Amino acid sequence: MSSRRRFRRPLGLALLTLLLLAGGALLHTAWPFLFYPREALRFEVPAPRPASPSDVALAGVAEVDITPAIGLPKFGYSAWAADGDGLRTRLKARAFYLHGPGGTPLALVQLDLGAGSLPLHYAVAERIASTTDVPAHGLSLLVTHTHSGPGQYLGSDFYNVFGGNRPGFDPALFDFLADRIARAVTRAYQGRRPARLAVGGRDVWGLTRNRSPQAWARNHHLDPERVDGNTALGAVNPRMTQLRIDLQADDGRYYPAGALTLFSVHGTAIPAFTGPYHADVWHWLARGPGRRFAAGDLPWPFVHGAVQATHADNNPAWHPDHRGDLEARRIGTALGEQAADLFQSLDGPLSPRLVTAAGARQLDLLTLSDPQRHGLCARPVVGASVAGAANGDEVFPVSYLPFLQEGWPRRWFTDGCQGVKQWMLSKAQLLLAPEAFPHRALFQVLRVNDLVLVPLPWEITLESGNRIRGAVLEALPEGRPWRVEISSLANGFFGYAVTPEEYGAQYYEGGHTLYGPHTLDFLAAQSARLGADLFAAGQVDELPARADFDLLRHDYWPNAPADRRWARQWRQPARFQEPEGEKGAYWAWRFHGEPPGALALDQPLLRITRADDRAPVIDDESGDLALRLIDQDDQGALYEVRWYHPPPAPAGRFQLEVRAGARAPALTSPAFP
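This text gives an overview of the structure that appears in the document. The model shown is predicted, which means the values in this text are computed figures rather than measured ones. (Residues numbered from 1 in each chain as written. Predicted model: local features only at pLDDT ≥ 70, side-chain atom pairs only at ≥ 80, totals over all residues. Heavy atoms only, no water.)

What about the packing of aromatic side chains?
- If you walk through the whole model with that rule in mind, you get 35 aromatic pairs.
- Ring geometry for Phe43 versus Phe549: centroids 6.1 Å apart, planes at 65°, classification edge-to-face. Taken as a pair, Phe43 in strand 1 (residues 38-44) and Phe549 in strand 22 (residues 546-552) lie far apart in primary sequence, 506 residues in all.
- On the basis of relative accessible area, Phe43 is assigned to the buried category, the value being 6%.
- With relative accessibility at 6%, the residue Phe549 sits in the buried group. (Phe/Tyr/Trp six-rings, centres within 6.5 Å; stacked < 30°, edge-to-face > 60°. Helix = DSSP H or I, 4+ residues; strand = E, 2+ residues; numbered from the N terminus. Buried < 20%, exposed > 50% of the residue type's maximum accessible area, 1.4 Å probe, protein only.)

As C-alpha cells, then:
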C-alpha cells in the first residue's frame, strides 16, 4: 500500500469522526425544536382596582417563599448546571408596594431567580389586578441572577432550551412562580401603611472583581496585556444604592419595615454542577440589615430585598481555588453588613415625601423601523465564545479551542451587522427562526422621589451601565439631585449588552450580545426617550394588555398520588463531619419519607431545637440547614439533612425536627450529640 493511501485512511476516519460529532451536536440542538409539544400562553390583563385617594405616602412590604420542587433543571450554567436536588438556602420573592399621593402605585419585586420573564410579568399582572391597585406598567420583576435557581419559565425558546441543563418550558413551575409572586405583591398591598422613606448609597470595594478586564480596558485605551488582579478589583461598579422604608405602627410611631438594595455582583459564587437550590451571595446579603434587630424590636417581620444593578462583567471576588459555600457565605455576609450600615445611615434622611411614577414601553426588536433601531441588528445571533463560558467558568477543552475561546474575534468578513462576532454553528444558526430568540422587550423607567430606576432585560456591563445612566440623566429635568440606577435582567432576558469597544474583543459578554455591537446605543437611546416621555407626561403606559406566547414545553415538576399519605422514618442517626474542602463542618442525618412530588420546599421544613425544652435554635431560613435527595423508589424517597456551622462546643443536647407536611407527619430525631 502506498504511503499516500496509508495517509488518506486515518485522515478520512478523522473527518468522518468530526462529521459524526457535528451531526450529533446538531441533532442534540435540534431535538426539542423537532419533537417537543408547544404550550400556548394567552394573557389579557384587566385594569387594576382603583387607587384609594390618599394625601400621605403609603408603602407595604411582604416576603413569600418561591423554592420549587426537587427535580427541576436549573438556569445560569446552561448544560453545565444540574437538576435541583434539594435546598441549601431558600429562594424568595420580596415585594415592595409604593404609592405617593396622586402618583402611580408601584410594586417592585425582588426575586431569587436567574432572570426575569415577560410572560411571568404578564401572569403576575393578570393575577394582582383584582387584589391590588398596581397597574401592569407599575409592576417590575427584579432579580438576583442566582445561577442555582430554576429556569424553565422564560419567555423565549432559545433560553428555555439552552439556558438550563435540560430544555423546555415547564407550565407547572411557571404557575407556581406566578401564584407566589402575586401573593407577595398582594400581601404588600394589603399591609400598606403611612410611610417614611429615604434613599442613599455607599461604595463597596474588595468583594467583587471584573471577570473580563481585558475587554473592559478597551473602553479606556488601556493595554490589555498590562491588566492584572488590581485592575480587575477596580473595574467594578461599587455603588450600593438602597431605598429604606419605615412604616407607621398601630401605636402611631414609625418603625423600620424593609429596604430594597441594588448592587452589582454575579450570582456565581456557587459553582456549576452544584445540586441544591441556592440564592448564592444574595441570601446573606438579604439577611444583613434584619440581623441588627432583636426579637421584639419591630412590630412586623423585616423584609430586605437585594437586586442586580450593572453586574454583567462583575463577579464575586472569591479567593482563588476556594469557590463554593464558604466563599459565598463570606462575601454575602460582608455585603450584608455593608447594607446594614447603609440602612442605619438613612435614619436622618427619612421623609414622609413620596413621589411615584411609572413609564413602560414594550418594543418588538424584529419589527422596529430603522430610526428606532439605532444600529440594532435585524436578527439575533449567538457568538461562538458563549460555548466556552465566561471567564472563571471555563469549560475544558471548549474554552481553549480556536474560534470558541474568548478574545477570538472574526478577522475577515466583518462588514455584516454582527461585525467581528464568530457565529456559533456558523450559518446553521440561521435555521433557528428569529422568533425563537427573545425579541419582545419591556422597557421601564420608574420614579421613587429622586431615585430613577431603569429596569432592563439585558445583562449590563459596568461601562454600558455608565453610558445608559448618563443618557437617562441628560433626559431628566434639571434642578433635582437625581440618582439613576440600572437593574439588569428585569422582566425578561435578552443576553448581554456591552460597549462597542468590549464587543470588539469578543469575550463571553460580547459573544452573548445577541443583537450586535450597537445594542448599547439602542438601549441608551430608548431608555433616555422613555425617561423624557415619563417626566413630560407623568406616566407612560405602552404595555399591551393582551399578549400571546407559544413555547416549547416539557414537564419536569414531579408528581405524587394526591390521595396517599406517607410515613417517615430515620435511616441514619446524627453523625458529625469535620470541615472538608469548601464545606464547613456539619451534622448529618438521613430519613426516608414522601417523594419529591409530595414534599413542598416552599413551606417550613427543618429546625433544630433544644432537647430539654424544645426551644428553637435554628431553622431552614438560616441557610445552615440543608436538604438533599439521595434516592427514590415507589415507596418514597431517601433524604439527607445537614446542619452546617453548628456551635463548636454545644451547650446541651439538641434534636432535629422534620416538620409535618401536607401528606406526612413530623419526625423528630433522638437527642444529640
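On we go.
Some words on helix 13 (residues 519-537)
- If you check helix 13, its first and last C-alpha atoms are 27 Å apart, about what 19 residues at 1.5 Å a residue would give, namely 27 Å.
- Listing the buried residues of helix 13 in full gives Thr519, Leu520, Phe522, Leu523, Ala524, Gln526, Ser527, Ala528, Leu530, Gly531 and Leu534.
- Where helix 13 ends, the next residue or the one after it, Gly538, has phi of about 95°, a positive value. (Expected span 1.5 Å × (residues − 1).)

Looking at the nonpolar core
- Residues Leu139, Trp458 and Leu627 are the most contacted members of the largest nonpolar core, which totals 122 residues.
- In terms of residue count, helix 4 (residues 171-190) provides more of this core than any other element does, eleven residues in total.
- Apart from the residues within four sequence positions on either side, Leu139 is in contact with Ala107, Val109, His121, Val124, Ala125, Ile128, Val134, Val185, Gln444 and Asn491.
- In this structure, Leu197, Ala249, Val303 and Phe343 belong to the second largest nonpolar core, which totals 32 residues. (Core = buried A, V, L, I, M, F, W, Y, C linked by side-chain atoms within 4.5 Å. Contact = heavy atoms within 4.5 Å.)

Things to note about the layout of surface pockets
- One number sums up the size of the second largest pocket: a volume of about 760 Å³.
- Lining the second largest pocket are 29 residues; nearest its centre among them are Glu63, Pro301, Phe302, Val303 and His304.
- Every element with two or more residues in the lining of the second largest pocket is listed here: strand 2 (58-65), strand 5 (92-99), helix 7 (281-287) and strand 13 (303-308).
- Residues of the lining of the second largest pocket, tallied by class, amount to 13 nonpolar, five polar and eleven charged. (1 Å grid on protein atoms, 1.4 Å probe; cavity = no way out; pocket = protein on both sides within 12 Å on 5 of 7 lines; lining within 4 Å. Points joined across faces, edges and corners; volume = space filled by probe spheres on them. Nonpolar A, V, L, I, M, F, W, Y, C, P; charged D, E, K, R; others polar.)

Describing the sheet that holds strand 6 (residues 106-111)
- Taken in spatial order, the eight strands line up as 7-6-5-2-9-11-12-13 in an open sheet, and their pairing is mixed. One side of each edge strand has no neighbouring strand; the edge strands of this open sheet are strand 7 (139-143) and strand 13. Each strand axis lies, on average, 25° off the axis of its neighbour in the sheet, ignoring direction.
- Together, strand 2, strand 5, strand 6 and strand 7 form the strand contacts of helix 4, whose direction differs from that of strand 2 by roughly 150°. (Pairing = 2+ DSSP bridges. Axes fitted to C-alpha atoms, helices over the stretch in contact; angles between N-to-C directions.)

So, the side chain of Glu509
- With respect to the helices, strands and loops of the structure, Glu509 is situated in helix 12 (residues 508-511).
- Looking at Glu509, its side chain comes within polar contact range of the side chain of Ser212, at 2.8 Å.
- Those residues within four positions of Glu509 in sequence are excluded, and the remaining contacts are Arg211, Ser212, Ala312, Asp313, Tyr496 and Val498. (Polar contact = N/O pair within 3.5 Å; in protein donor to acceptor, adjacent residues only side chain to side chain.)

Quick notes on the sheet that holds strand 4 (residues 86-87)
- As summarised here, the arrangement of the five strands in space is 4-27-28-24-23, forming an open sheet in which the pairing is antiparallel. Each having just a single partner strand, strand 4 and strand 23 (569-577) make up the two edges of the open sheet.
- Summarising the sheet, strand 27 (residues 625-633) and strand 28 (residues 636-644) pair through eight bridges and their orientation is antiparallel. Considered in strand 28, the bridge of Asp631 is made with Leu638.

Examining the packing of helix 2 (residues 118-128) against helix 4
- Packing of helix 2 against helix 4 brings their axes to within 9 Å, and their N-to-C directions diverge by 50°. The pairing of helix 2 with helix 4 is recorded here as oblique in orientation. You can see that helix 2 and helix 4 cross each other, and the crossing is right-handed. Residues Pro119, Leu120, Ala123, Val124, Arg127 and Ile128 of helix 2 form the contact with helix 4, whose participating residues are Phe174, Asp175, Leu177, Ala178, Asp179, Ile181, Ala182, Val185 and Thr186. (Parallel < 35°, antiparallel > 145°, perpendicular 65-115°, else oblique. Left-handed = near helix turned anticlockwise from the far one by under 90°.)

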